[in-house]
Number of protein chains: 2
Amino acid sequence: MPTKTVSHADLVAASAVDVRRAIRNGSYAGHTSGLAAGKLQCNLAILPERFALDFLRFCLRNPKPCPVVAVGDTGNPDLFTLGHDIDIRTDVSMYRVFRDGVLAEEVPDITDVWADDLVTVALGCSFTFENALLRNGIPVRHIESAKNVPMFRSNIDLVPAGPFHGKMVVTMRPIPEHQVEQAKAISAGFPQAHGAPIAVGDPTRIGIADLSQPDWGDAVEIKPGEVPVYWACGVTPQNVLLDAQLPLCITHSPGHMLIADVAEDAETTIISTN
Amino acid sequence: MPTKTVSHADLVAASAVDVRRAIRNGSYAGHTSGLAAGKLQCNLAILPERFALDFLRFCLRNPKPCPVVAVGDTGNPDLFTLGHDIDIRTDVSMYRVFRDGVLAEEVPDITDVWADDLVTVALGCSFTFENALLRNGIPVRHIESAKNVPMFRSNIDLVPAGPFHGKMVVTMRPIPEHQVEQAKAISAGFPQAHGAPIAVGDPTRIGIADLSQPDWGDAVEIKPGEVPVYWACGVTPQNVLLDAQLPLCITHSPGHMLIADVAEDAETTIISTN
C-alpha cells in the first residue's frame, strides 16, 4: 500500500532501516546498489527445511562462492542476526520464486508464498569488496562504465553436498597489473564476501573461452596494462539451487539485495545482542 | 592392533597423514599439541542428524567461539574436505562419548558407537593463531610455562538456535601492552580459529571475577606491563552441546585434536579437488 513512490536518489542518504521500510511499505522496488553505504548487502536463498542441512553443508564446503552470513529459524521470517526488525517476506525489493527449478514468478513481496517449513540463508556479496577496492584507489571497470559485472561459468568443480553440485561461476574485473597484489590482499580481508580471487590471468586455465562473451552481465574493456582477475560469484549458489530442482526455492532478483544493519567491514556478520 | 607404541617425540617430524595413521592403528594415543606443524587442528562435535541443522545454525550465529571448518555427510565417517582418507571413527587419539548430557565413556576409537545418522562437525582451534603469535615474537604464557590455557565462563550471551544456547567461554593470554594491537591484528587474520579477541583488560567487564581462578585449565602469571587479552574458546560449543542433553554426542578429548591436511594459514579449510 505505497503512500508515495520514492526514487533511488531519494534513498541514497537513507539508513539501512529506512531503505528496508521504504521497500516494505511498497514505496521503493528498485535495485540496492549504492544504498545504505557501508552496510552489508546480501544474496538470498530461501528453501524448505528438509533441504537446509545439505544446503548449509554445500555452502560451508564452498565458502568462497557461498559465504553464509546468516541463517534464519525454520518458519521465522525475522532474520534477527542481521539487523533490527528484518522481515524477509517484505524487506527485499524483488524476489524470484522457483518451483521445480523453473522461475514461477518475480514479485516484490513473498508473504503469500511464505510457509512454516522455510529456512532463509543470507550470503555475502561482492559489493563489500568492490567498495573496499574503490576506497583504496583500485578501479572497478563495470562500475566506472555503469554496466553489470561480467560473469562466467568456470570449469572449477564445486564440492558437492546432497543434491547440490556443479561448477563455480566467477566474476571478472580488469585490474592494473601493479595493483593486482593489493587487490588480492584487500579482498582476502573479506571472507564473508568471496575473499581473495580464485584466479588471475589466462581465462582458459579456468575454462573460460572468451572474455568478451560473458554468460551473465556485460562484457567490459580490458585496457593495456590490465590483467583479468576472477572472483567467486554469488550466482553460483543460485544456479546450484535451480539445478537441484527443489519444489520451492526463493531468491532475490539480481541487484535487489537484502540490506543488513551490519557494517560491511565488520569482523563477523552477527549483530551483537550484548 | 598396535604393532608398536610410539611417543609424542617420535611423531614430531611426522606428516599429518602419518600422525593420523599412528593414531588409527593404535600406536599413538597422546595429545596432538606440536604435531604436524603448520597443519590445521580441529575441535570435534559429532551428533545425530536431527540436531545438526540447529547446531550449524548455532555455530554460524556464533562464529568466533564456533568456527565451522568442515561438516561431514550424514553417516559418512570420511571427512573428505579436510584431508586424504580421514576416518573420523579412528583418526582422533581420544574421544568423549556423552549420552543425555553425561560423560558415558572416554575411548580411543568410536567405531562401535558410530551410527548411520551421525553428522561430524569440525571446528577451528586456538593452536592456529597461537602459532602465528609465536612466529611474530608475541609470547604465549601458558605455552612458555607448559600449562593449559586458562579458560573462563564469561557473561557474554551466545545467540541461541534450537536447543543450543548459553554463555561464551573465553581463554585469557597476557600480552605485553605494546604488542596488544599487533596480537589483535594477527588473530583477526584467522576467522577459522576464533579471530580477533573478544575483550581486552578488566575481566569484570565480561563477568570474570578472578583471573587466578580459571574455570578450566591453569592460572598463568600476568607480568608487569602485560594486559589480559580474551579470545572466544572452543570449549563453548562443547558446553552448549552438553547442556542440550542430546541422547548421543561425541567430542574429542581436550588436547586430542583432529589433525587435517589443510594448512593452518590457508584462506579456506577446504582441500581443493581441482
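For the structure, check the block above.
Just so you know, these numbers come straight off a predicted model, no measurement behind them. (Residues numbered from 1 in each chain as written. Chains lettered and ligands numbered in written order. Predicted model: local features only at pLDDT ≥ 70, side-chain atom pairs only at ≥ 80, totals over all residues.)

Asks: Provide a residue-level description of the relation of the copies chain A and chain B, including the pertinent values.
Replies: For the pair chain A and chain B, the best superposition has an RMSD of 0.0 Å and corresponds to a rotation of 180 degrees with a translation of 0.0 Å parallel to the axis. The superposition of one copy onto the other is thereby described by a two-fold rotation axis. The rotation axis passes nearest to the C-alpha of L53 of chain A in chain A, at a distance of 2.6 Å. The fraction of interface residues of chain A whose copies in chain B are also interface residues reaches 100%, indicating that both copies meet through the same surface. (Least-squares fit on C-alpha atoms with pLDDT ≥ 70 in both. Contact = placed C-beta atoms within 7 Å.)

Asks: Before we move on, could you go through the environment of D10 of chain A and cite the residues and values that matter?
Replies: With respect to the helices and strands, the residue D10 of chain A is situated in helix α1 (residues 8–11). Between the alpha carbons of D10 of chain A and D73 of chain A there is a distance of 33 Å; along the sequence they are 63 residues apart. (Helix = DSSP H or I, 4+ residues; strand = E, 2+ residues; numbered from the N terminus.)

Asks: Provide a residue-level description of the pairing of strand β10 (residues 249–252) of chain A, including the pertinent values.
Replies: All names here are of chain A. Side chains C249 and T251 of β10 all project onto a buried face; the interleaved residues I250 and H252 project onto the opposite face, where all are buried too. Judged from the two bridges that link them, strand β1 (residues 39–48) and β10 form a sheet pairing that is antiparallel. Of the residues in β10, the one forming a bridge with I46 is I250. Strand direction decides the pairing type here: strand β3 (residues 95–99) and β10, joined by four bridges, are antiparallel. (Buried ≥ 20, exposed ≤ 12 C-beta atoms within 10 Å, placed from the backbone. Pairing = 2+ DSSP bridges.)

Asks: I'd like to hear about helix α2 (residues 16–24) of chain A, residue by residue, with values.
Replies: All names here are of chain A. Of the residues making up α2, those classed as buried are A16, V19, R20, A22 and I23. Buried residues in α2, looked at end-on, bunch into an arc of 160 degrees, giving them a common side. Tucked inside the fold, the buried residues of α2 contact α1, β1 and β11 (258–263). Positioned one or two residues after α2, G26 has a phi angle of 85 degrees, which is positive. (Arc of directions from axis to C-beta.)

Asks: Give me the sheet that holds strand β9 (residues 226–232) of chain A: which residues, what numbers.
Replies: Residues and elements named next belong to chain A. An order of β6-β7-β9-β8 is seen for the four strands of this open sheet, with the pairing classed as antiparallel. Every interior strand has two partners, whereas the edge strands, β6 (151–157) and β8 (199–200), have only one. Where strand β7 (residues 167–176) meets β9, seven bridges bridge the pair, whose relative direction is antiparallel. Each residue of the ladder has a partner; that of R173, found in β9, is V229. Packed onto the sheet, helix α6 (residues 180–188) meets β7, β8 and β9 and runs at close to 15 degrees relative to β9. Running over the sheet, helix α7 (residues 235–243) touches β6, β7 and β9 and is turned about 160 degrees from β7. (Axes fitted to C-alpha atoms, helices over the stretch in contact; angles between N-to-C directions.)

Taken by themselves, the reported measurements are silent on function.
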